Amino acid sequence: MTFLVETATGPIQSSELGRVLMHEHVFVISTEIQQNYPQEWGDEQFRIDDAIKRLNELKDSGIDTILDPTAIGLGRYIPRIQQVAKEIDLRIICATGLYTFNELPHYYRRRSSSGVDALTTHFVQDIVEGFADTGVKAGVIKCATDKPGLTPDVERVLRACAQAHRETGCPITTHTNAEAERGLDQQRIFDEEGVDLTRVVIGHCGDTNDLDYLQQLLDAGSILGMDRFGIDGYLTTDERVEVVAQLCEMGYAQQLVLSHDASCYIDWIEGEVPLTPLPNWHYLHISKDVIPALLEAGVSNEQIDTMLIDTPKQFLESQNLGGY
Ligand SMILES: [Zn+2]
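Residues numbered from 1 in each chain as written. Predicted model: local features only at pLDDT ≥ 70, side-chain atom pairs only at ≥ 80, totals over all residues. Heavy atoms only, no water.

Enquirer: Quick one: what's the story with the pattern of salt bridges, residue by residue and with numbers?
Expert: Tallied over the entire structure, the rule returns 20 salt bridges. The partner of Asp117 in a salt bridge is Arg156, and the shortest N-O contact between them spans 2.7 Å. Of this pair, Asp117 sits in strand 8 (residues 116-117) while Arg156 sits in helix 6 (residues 152-168), placing them 39 residues apart in sequence. The residue Asp261 makes a salt bridge to Arg228 at a minimum N-O spacing of 3.0 Å. (Salt bridge = Lys/Arg side-chain N within 4 Å of Asp/Glu carboxyl O. Helix = DSSP H or I, 4+ residues; strand = E, 2+ residues; numbered from the N terminus.)

Next up, the structure:
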C-alpha cells in the first residue's frame with residue numbers, strides 16, 4: 001500500500017521520505033518587526049541561498065526529509081519555503097496550526113461562523129486546499145502549550161487542531177514545556193476531542209529526564225519528540241542521549257522521533273546559526289554527533305532506523321486515514 005505525503009514541492013510517496021528529522025524550522029521570523037526593521041534580515045536572496053546551502057549539507061549528511069512545524073505565530077511564509085525547496089533534493093513538509101503560549105492574535109478573537117471556529121476553518125483549508133495560492137498543502141498540524149498551561153486561548157487552539165485532525169486525518173505535532181508536564185494536558189484535551197493519541201507527536205519530550213512523565217505519555221500511545229538535540233540549556237547532548245537509550249532499552253523505540261528544533265535563521269536570538277550560546281544547535285548535530293553517541297550507548301542501528309524512518313513514515317502516512 002502506498003500513501004501520499006504533502007511536501008513543499010508537492011505530494012510524494014511515503015516510501016520516498018527516507019530519513020526524517022521530525023521538527024526542524026527553516027526560518028523563524030517575527031514578520032511584522034522584520035518588515036519594519038529589515039536591517040538584520042538583510043538581503044532576501046542571501047537568506048534563501050544560505051538556507052539552500054545548509055539544507056544541502058543536511059541532505060549530504062544522510063537526512064532526506066524535514067518536518068518544518070513553522071505555524072502561524074512563527075513567521076510562516078510558504079512562497080519563501082517553495083523558493084528554497086525547488087532548489088534542493090531534501091523534502092520539506094509544511095505545517096498548519098498556530099503557535100502561542102498565552103493568547104490568540106486579535107484577528108481570531110471574535111471569529112467563528114455557524115459554530116465553527118475560524119481557526120479550524122483555516123487549518124482545514126491549509127490541509128485540503130493548500131496555503132493561500134501556493135498549491136502547497138499542510139502535512140501536519142501544530143500547536144503549543146508552554147508554562148502558562150491551558151489558558152482559554154491555548155485550549156481553543158488545541159481543540160481547533162483536534163477538530164481539523166478529525167475532519168482531515170492530518171496528524172498533529174506539538175510544542176510543550178516538558179518540565180511543567182504540559183504533554184499530559186495536551187493528551188487530555190485531544191482525548192476529549194476524540195483524537196487517537198497514536199497520531200500525535202508530543203514535542204520537546206527530550207528536554208526532560210523524568211522517565212515517569214515520559215512513560216505516562218508513551219503508555220497513552222503518543223510518539224515522543226526527542227527533538228531538541230543541541231539546546232543544551234534544558235539537557236546536554238549526553239543527557240539527551242542517555243534518555244533515548246534508556247527508552248529504547250525499555251522497548252519504546254517505535255514511539256520516539258529525533259530532531260534539533262533548529263533553523264537556518266531565527267530572529268529570537270541575535271546572530272547567525274550556530275548561535276554563540278548554543279554551538280551544537282544546528283542541522284548536522286544528529287548526523288555527526290548524536291547517532292554515534294546513541295550507538296555507543298547501546299542503541300542499535302535498527303532502532304535508529306525505526307526512529308528516523310519507520311515511525312515518521314507511519315505517522316505521516318496517517319494523513320490519508322482521514323474522515324473517521
Ligand atoms: Zn519548533
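Enquirer: For the pairing of strand 12 (residues 223-226), give the residues involved together with the corresponding values.
Expert: Side-chain alternation along strand 12 places Ile223 and Gly225 on one buried face and Leu224 and Met226 on a second face that is also buried. Read from strand 11 (residues 200-202) through helix 8 (residues 211-219) to strand 12, the crossover connection turns out right-handed. Note: strand 12 against strand 13 (residues 256-258), 3 bridges, orientation parallel. Paired with Leu224 across the strands is Leu256, a residue of strand 13. Regarding topology, helix 9 (residues 237-249) serves as the crossover connection from strand 12 to the parallel strand 13, and that connection is right-handed. (Buried < 20%, exposed > 50% of the residue type's maximum accessible area, 1.4 Å probe, protein only. Right-handed = clockwise from strand over helix to strand, strands pointing away. Pairing = 2+ DSSP bridges.)

Enquirer: Explain the layout of surface pockets residue by residue, including any values.
Expert: Approximately 330 Å³ is the volume attributed to the largest pocket. When the residues that make up the lining of the largest pocket are grouped by side-chain class, the tally is 12 nonpolar, 6 polar and 4 charged. (1 Å grid on protein atoms, 1.4 Å probe; cavity = no way out; pocket = protein on both sides within 12 Å on 5 of 7 lines; lining within 4 Å. Points joined across faces, edges and corners; volume = space filled by probe spheres on them. Nonpolar A, V, L, I, M, F, W, Y, C, P; charged D, E, K, R; others polar.)

Enquirer: How would you summarise the coordination of the zinc ion if you had to cite specific residues and measurements?
Expert: Tetrahedral coordination by four donors puts the ideal angle at the metal at 109.5 degrees, and octahedral coordination by six puts it at 90 or 180 degrees. Every protein donor of the zinc ion is accounted for by His23 (NE2), His25 (NE2) and Asp261 (OD), and the metal-donor separations fall at 2.1 to 2.2 Å. Taken in sequence order, the residues that donate to the zinc ion follow the motif H-x1-H-x235-D. Within this pair, whereas His23 is found in the loop between strand 3 (20-21) and strand 4 (27-28), its partner Asp261 is found in the loop between strand 13 and strand 14 (265-266), the two being separated by 238 residues in sequence. Of the two residues, His23 and Asp261, neither departs from the other in class, the shared state being buried. (Donors = N, O, S within 2.8 Å, 3.2 Å for Na, K, Ca; no water.)

Enquirer: Explain the nonpolar core residue by residue, including any values.
Expert: Core analysis: the largest hydrophobic core is formed by 91 residues, its most contacted members being Val26, Leu55, Ile92, Leu224 and Met226. Residue contributions to this core peak at 7 residues, all from helix 6. Filtering out sequence-adjacent residues up to four positions away, Ile92 remains in contact with Thr7, Ala8, Val26, Leu55, Ile66, Asp68, Ile81 and Ala85. Counting residues in hydrophobic clusters, the runner-up holds 14 residues, among them Leu67, Ile93, Val201 and Leu316. (Core = buried A, V, L, I, M, F, W, Y, C linked by side-chain atoms within 4.5 Å. Contact = heavy atoms within 4.5 Å.)

Enquirer: Help me get a handle on the packing of aromatic side chains, residues and values and all.
Expert: Under the counting rule described, the total for this entry stands at 5 aromatic pairs. Centre to centre, the rings of Phe27 and Trp41 are 5.4 Å apart; their planes meet at 70°, and the pair counts as edge-to-face. Taken together, the residues span a long stretch of sequence, with Phe27 in strand 4 and Trp41 in the loop between helix 1 (31-36) and helix 2 (44-60) at a distance of 14 residues. Across this residue pair, the class does not change: Phe27 and Trp41 are buried. Ring geometry for Trp41 and Tyr265: centres 5.1 Å apart, planes at 80°, overall edge-to-face. (Phe/Tyr/Trp six-rings, centres within 6.5 Å; stacked < 30°, edge-to-face > 60°.)

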